[in-house]
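Observations on chain architecture
Each chain, written out:
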Amino acid sequence: MVRVDGGGGAGSLIQIRGLDKTYRRGGEEIHVLQGLNLDVDKGEFVAFMGPSGSGKTTLLNLLSGLDVPSRGSIVVAGDEITHMSGNKLTEWRARHVGFIFQMYNLIPVLTAFQNVELPLLLTKLSKSERRKHVETAMAVVGLADRMDHYPRQLSGGQEQRVAIARAIVADPTFLMCDEPTGDLDRKSADDILNILTRLSKEYAKTILMVTHDPMAAERAQATLHLNKGVLVEGVAAAAGSHV
Amino acid sequence: MKYMPLIIANLFRKKLRTALTIGSFAVALFLFGLLVVVRGAFSQGVDVAGADRLDVINKVSIIQPLPYAYRDQILRIPGVKAITFDEWFGGVYQDEKNFFPQFAVDPDNQRVVYPEFAIPEDQWKAFLQDREGAIVGSGTAKRFGWKIGDRIPIKGAIYPGNWEFNIRGIYQGAKDNDDLTQFWFQYKYLDERRQFGKGLIGWYIVKLNSPDDATHVQKAIDQMFANSPYETKTETEKALASDFAKQFGNIELLIVSVGAVVFFTLLLVTGNTMAIAVRERIGELAVLKAVGFSDRFVMFLVLGESLLIAAVGGLLGLGICKLFTLGGDPTHGFLPFFYLPYPAIVLGIVIAFAVGILAGILPATGAMRLRVVDALRRV
């Protein structure tokens, strides 16, 4: 279940309360997020939509511990991350967050296998264990036969699938997708969305996705709209506070 | 070690740039090695000089002779253990380019005063029994392909005529940096045949009972021959070698200056390369941080790349320099101590690492401080 009224229970995987984010540009204060509340249960697939500058990516950055809020609290799987130090946040991200970016952001000098293996280098897994994990993740995204390919040898859709494999290989608590289909053609975008849907339904992965694409948002179980720093419920559930 | 593929892969991102940077290190360290070798060649005489030996030369100049008759008088001074003498011959073997130092020596005492030159006993005996016999250093023997029994013609430059010698022995050094280029023959052979300068020698080498005797023996010798037609100047072997090296100017300052300029330039080149390497992959570094790699890891990643370049380039340059010096003195005699010692190789590696760290520290710190959110926005 996804709620934006701050009424979610303690069992929610993600709990956001009174979240503010303010930037100072010149002498002017820009309120990107204002008093935002959000509860997301485990296994939910949530899409965030909104016009450019509405604060979607800022919200994702805060949720994934890449940025710190001006006020409010974020609790993920019982961890209050808002007051963690930089190093603690880095460790926390390694354990809990899988990132999928619009531009894939693979390391071009590493093979698909090595790119996917990167998050596992931070664990104590042996080389053979890491290999098993990578092979499993690559199989999930349907690229088991492309492990030794470099990013330049892959299509955009394939690169994004490798990025998904990298995001899931360490079995994080949730996936953070920032416009995952924004740079892809329709067919490749559908392939990516199919994988995300499968991860949500078959593997009960919690997925938070920012998108401009209504067709992508349709795949999510819930769609939230950000407008001028305020989170409002999706069209499908506009009538109530439950989405 | 599990991060090594990441460091190596990054170096192969721009192969030409990496190769050129490694090449810069290699050239700089080759030059460093060569400067050390040249410095050593000029000053090695000082380093290998015996602490218990004095050189007695003519007060006017080393090229002025001294009487053979001084020998017994010096030997009577308390503290003197042994004495020998040398005479510079200065002949030409086939061509003037084939230079090597030739000395007429005192065969009775040469080995007593210079125990560091190893000659098999049977060869030494054969040398003593042959008035035209000669002992040659293994370096010169190898250079001209001489072997024991060969008859060597040398054209006299100071003492005219064609002189012929029989190679009776080949000496080796006790240390890597001993001079293996010398050619010794019997003084009596020279003194009998030469038309002038009979009864004169070039200089004396005095072996002391103890290095502590140096000061008073030095003073005693020079006082003994003061106001004579052949006044003496007595110095420790080290001081004489040092004076000789100084004749060529301040080699040390020249070498330090050239070395400093080379390494400063190298620092700028490598620093610039690393700065560019970091700038063009800010997005990737941000992704590494996003997925959980720490700021410190990213810093060490960049420093690791810089150090790896320094290590590969440094070892390459020093290795080539070592190989180059193994070929021996390229001037064929002017720089007999043409040798790259292992401490210099270690120093070169330390300098290469220091330059690698200095060149990488600024870009590495920048990478460490990189804010993920800002960097991802730029991608």
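Rules and cut-offs
- Residues numbered from 1 in each chain as written.
- Chains lettered and ligands numbered in written order.
- Predicted model: local features only at pLDDT ≥ 70, side-chain atom pairs only at ≥ 80, totals over all residues.
- Core = buried A, V, L, I, M, F, W, Y, C linked by C-beta atoms within 7 Å.
- Buried ≥ 20, exposed ≤ 12 C-beta atoms within 10 Å, placed from the backbone.
- Helix = DSSP H or I, 4+ residues; strand = E, 2+ residues; numbered from the N terminus.
- Contact = placed C-beta atoms within 7 Å.
- Pairing = 2+ DSSP bridges.
- Right-handed = clockwise from strand over helix to strand, strands pointing away.
- Expected span 1.5 Å × (residues − 1).
- Arc of directions from axis to C-beta.
- Axes fitted to C-alpha atoms, helices over the stretch in contact; angles between N-to-C directions.
- Domains from an automatic or database assignment.
- Nonpolar A, V, L, I, M, F, W, Y, C, P; charged D, E, K, R; others polar.

**Section: the nonpolar core**
Side chains of nonpolar character tend, in soluble globular proteins, to be buried together. Ranked by internal contacts, the top residues of the largest apolar core, which has 121 residues, are Val46(A), Phe48(A), Ala165(A), Met176(A), Ile207(A) and Leu208(A). Considering every element that reaches this core, the biggest residue donor is helix α2 (residues 15-48) of chain B, with 11 residues. Dropping the residues within four chain positions of it, Ala165(A) is found in contact with Val116(A), Ala137(A), Met138(A), Val140(A), Val141(A) and Leu143(A).

**What about the pairing of strand β8 (residues 174-178) of chain A?**
On a regular strand, each side chain points to the face opposite its neighbour's, so the side chains alternate between the two faces of the sheet. Residue and element names in this part refer to chain A. For β8, the tally of buried residues reaches five of five residues, placing the bulk of the element in the interior. Residue alternation in β8 divides its side chains into two sets, Phe174, Met176 and Asp178 and Leu175 and Cys177, and both sets are buried. One ladder, built from four bridges, connects strand β7 (residues 97-100) with β8; its direction is parallel. Note on β8: the bridge partner recorded for Gly98 is Leu175. Here β8 runs beside strand β9 (residues 206-210); their pairing, made up of five bridges, is parallel. Note that in β9 the partner of Leu175 across the bridge is Ile207. One crossover worth recording links β8 to the parallel β9 by way of helix α6 (residues 186-201), and it is right-handed.

**A word on α6(A)**
All names here are of chain A. For α6, which comprises 16 residues, the first-to-last C-alpha distance of 22 Å matches the rise-based estimate of 22 Å (1.5 Å per residue) to within 8%. Here α6 has its buried residues at Ala189, Ile192, Leu193, Ile195, Leu196, Leu199 and Ser200. Projected down its long axis, α6 carries its buried residues within an arc of 155°, all on one side. In this structure, α6 carries Arg186, Lys187, Asn194 and Lys201 as exposed residues pointing more than 90 degrees from its buried face. The secondary structure elements touched by the buried residues of α6 are β4 (45-49), α5 (156-168), β8, β9 and α7 (214-219).

**A look at the sheet that holds β9(A)**
All names here are of chain A. Overall, mixed pairing links the six strands, which are arranged β7-β8-β9-β4-β10-β11 in an open sheet. Each of the sheet's edge strands pairs with one partner strand only, and the pair in question is β7 and β11 (230-233). Geometrically, the sheet is characterised by an average inter-axis angle of 20° between neighbouring strands, direction not taken into account. This element, helix α1 (residues 56-63), spans β4, β8, β9 and β10 (222-227) of the sheet and lies at about 150° to β9.

**A few points about the environment of Ala104(B)**
Residues and elements named next belong to chain B. Inspection of the secondary structure assignment puts Ala104 in strand β4 (residues 102-105). Look at Ala104 and you get buried, because 22 C-beta atoms sit within 10 Å. With 79 residues separating them in the primary sequence, Ala104 and Phe183 have C-alpha atoms 8.5 Å apart. Setting aside residues no more than four positions away along its own chain, Ala104 makes contact with Glu87, Phe89, Phe185, Gln186, Tyr187 and Leu190.

**Quick word on the pairing of β4(B)**
Residues and elements named next belong to chain B. Across the two faces of β4 the burial is the same, with Gln102 and Ala104 and Phe103 and Val105 all buried. Inspection of the sheet shows strand β3 (residues 80-88) paired to β4 by three bridges, in the antiparallel sense. Bridged to Glu87 within β4 is Ala104. Looking at chain direction, β4 and strand β9 (residues 183-186) are connected through four bridges and run parallel. The residue of β9 that forms the bridge with Phe103 is Trp184.

**Quick word on the sheet that holds strand β5 (residues 71-76) of chain A**
Residues and elements named next belong to chain A. Strand order in the open sheet formed by five strands is β1-β3-β2-β5-β6, and the pairing between neighbours is antiparallel. Across the chains shown, the open sheet's two edge strands, defined by having one partner strand only, are β1 (2-3) and β6 (79-80). Together, β2 (14-25), β3 (28-40) and β5 form the strand contacts of α1, whose direction differs from that of β2 by roughly 120°.

**Some points on the domain arrangement of chain B**
Each domain of chain B was delimited in the assignment, giving domain 1 (4-45 + 249-378) and domain 2 (60-230). Put simply, the middle of domain 1 of chain B and the middle of domain 2 of chain B, counted by C-alpha atoms, are 47 Å apart.

**What to know about the interface of chain B and chain A**
Contacts between the two partners involve 20 residues from chain B and, on the opposite side, 20 residues from chain A. Counting residues per element, the ones that place at least two in the side of chain B that touches chain A are α1 (4-11), α11 (282-290) and α14 (372-378) of chain B. At five residues, the largest contribution of residues to the side of chain B that touches chain A is made by α11(B). Partitioning the side of chain B that touches chain A into residue classes produces 11 nonpolar, four polar and five charged.

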